[in-house]
Amino acid sequence: MRTLLYKHLDSKLSSKEELELRTTIYKDNNTQWAKLGTNIISHKTNCPNACRYCYVQAWKVRKDKLKVPDIEDLTEETRPKFVLDEKRVAKAWTKRKKARLYIFPSTHDIFPEMLASYITVAKKIMDSGSSLLCVSKARLPCIKQICKELVAYKKQLKIIITMGSKDPALLAYWEPLAPSYRERKACLRFAFKAGFRTSVSMEPFLSNPRPVIKDVLPYVTDGLWLGPMSYSKVLKYETDKFAEVSKLYTQEEVKRLVEEYRYNPKVFFKYKMFRILG
């Protein structure tokens, strides 16, 4: 897909290749990493990170009629609480003839109070023969414990740290209850030095992504992924804040990014970025 994208930018695609590219990039953006995901919190509760742009939160507002949490003045100690889905935690994962790849978790983050359950379920999934993408705006105590408990599963596990900016003010607004950039980078370094496969997700990137790319790429074994923020009218954020971030996702800006990292084998782009290019 990467090759097709650059051939498209160079106007060198055949009609068959053009059709393949356009057919692919309009697939579900969430399946670009893996087609399957699993989670262990109740669908009737939101992820306590309460990120203002969260597409899962928007989906739950529409489908499950959950309220958008009032996150003003909340702290790590007073953040919204989740409810564990005990049936999912207790679920038995039978041995598979053909291995599958799961994003776990796919609709919530990993928190200290669920850590033991997360590790238990992760082991069951990987013991069944499948592999995992552990995606998190990571907390260092959690990552340290995950690396310790799952050291025997290194070949089946990739740790993906989400970090959209180094700017504390931007993170405080868009991801008010998530860990700081500094802590997330420390998680990435720890997992990398512990010998795990590592990636970074910058979806969405909330500011010029170049400083983050330069800062974290030495600790990435697989790939760093760039993607834009999606607009949702059901979520609570200031339109001028969204308008400011949206300046990063113009066709001109995206093309500049794509061309700049054209020959970097570790920098990748989500389908939404391809769509912006037209």
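Reading the values: rules and limits
Residues numbered from 1 in each chain as written. Predicted model: local features only at pLDDT ≥ 70, side-chain atom pairs only at ≥ 80, totals over all residues. Heavy atoms only, no water. Helix = DSSP H or I, 4+ residues; strand = E, 2+ residues; numbered from the N terminus. Buried < 20%, exposed > 50% of the residue type's maximum accessible area, 1.4 Å probe, protein only. Contact = heavy atoms within 4.5 Å. Areas by Shrake-Rupley, 256 points an atom, 1.4 Å probe, with all protein chains shown as cover. Axes fitted to C-alpha atoms, helices over the stretch in contact; angles between N-to-C directions. Left-handed = near helix turned anticlockwise from the far one by under 90°. Nonpolar A, V, L, I, M, F, W, Y, C, P; charged D, E, K, R; others polar. Salt bridge = Lys/Arg side-chain N within 4 Å of Asp/Glu carboxyl O. Disulfide = S-S within 2.5 Å. Pairing = 2+ DSSP bridges.

Asker: Summarise the overall build of the protein; cite the residues concerned and give the values.
Answerer: Secondary structure summary: the protein contains 12 helices and 7 strands in total. Relative to its full complement of 278 residues, the protein shows a buried share of 51%. Here the contacts in the protein between residues at least 6 apart in sequence split such that 77% fall between residues at least 24 apart. Summed over its atoms, the accessible surface of the protein is roughly 14000 Å², and 54% of this surface lies on carbon and sulfur atoms.

Asker: So what's going on with the packing of helix H5 (residues 115-127) against helix H6 (residues 140-149)? Which residues, and what values?
Answerer: Two elements in contact, H5 and H6, have axes whose closest approach is 11 Å; the angle formed by their N-to-C orientations is 35°. In this structure, H5 meets H6 at a crossing whose hand is right-handed. Taking contact as the criterion, the partners of Leu115, Tyr118, Ile119 and Lys123 in H5 are, on H6, Pro141, Cys142, Gln145, Ile146 and Glu149. Partitioning the contact of H5 with H6 into residue classes produces 6 nonpolar, 1 polar and 2 charged.

Asker: Which residues make up the side chain of Ser201, and what values go with them?
Answerer: Note that Ser201 resides in strand S5 (residues 197-202). Ignoring any residue separated from it by four or fewer positions in sequence, one finds Ser201 in contact with Trp33, Ile160, Ile161, Thr162, Met163 and Trp225.

Asker: Please give an account of the pattern of salt bridges that cites residues and values.
Answerer: What the rule picks out here adds up to 13 salt bridges. A salt bridge links Arg88 to Asp85; its shortest N-O distance comes to 3.6 Å. Here Arg88 falls in the partly exposed class, since its relative accessible area comes to 39%. The partner of Asp215 in a salt bridge is Lys166, with the nearest N and O atoms 3.8 Å apart. Remark: Lys166 occurs in the loop between strand S4 (157-162) and helix H7 (168-174) and Asp215 occurs in helix H9 (residues 210-216); sequence separation between them is 49 residues. Several salt bridges converge on common partners, so that one network encompasses Lys158, Arg197 and Asp222.

Asker: Describe unusual backbone geometry, listing the residues and the values that go with them.
Answerer: Residues Phe104 and Pro105 are joined by a peptide bond in cis, for which omega reads 0°. Tracing the backbone through its elements, the reader meets Pro105 in the loop between strand S2 (101-103) and H5. With omega at 5°, the peptide bond leading from Glu203 into Pro204 counts as cis. Its location among the elements puts Pro204 in the loop between S5 and H9. The backbone phi angle of Ala50 is positive, close to 55°, even though this residue is not glycine. Among the secondary structure elements, Ala50 is positioned in the loop between strand S1 (36-37) and helix H3 (55-63). What makes Ala50 buried here is its relative accessible area of 4%.

Asker: Could you give an account of the state of the cysteines, with specific residues and numbers?
Answerer: Using the criterion set out here, one finds 0 disulfides in the structure. You can see Cys187 has no disulfide; the closest cysteine sulfur is in Cys142, sitting 8.1 Å from it.

Asker: I'd like a description of the sheet that holds strand S7 (residues 267-269), backed by residues and values.
Answerer: Spatially, 7 strands are ordered S1-S2-S3-S4-S5-S6-S7 in an open sheet, and the strand pairing comes out parallel. Looking along the sheet, the strands with just one partner apiece sit at the ends: S1 and S7. Here S1 pairs with S2 via 2 bridges, running parallel. Across the sheet, residue Leu36 finds its bridge partner in S2, namely Tyr102.

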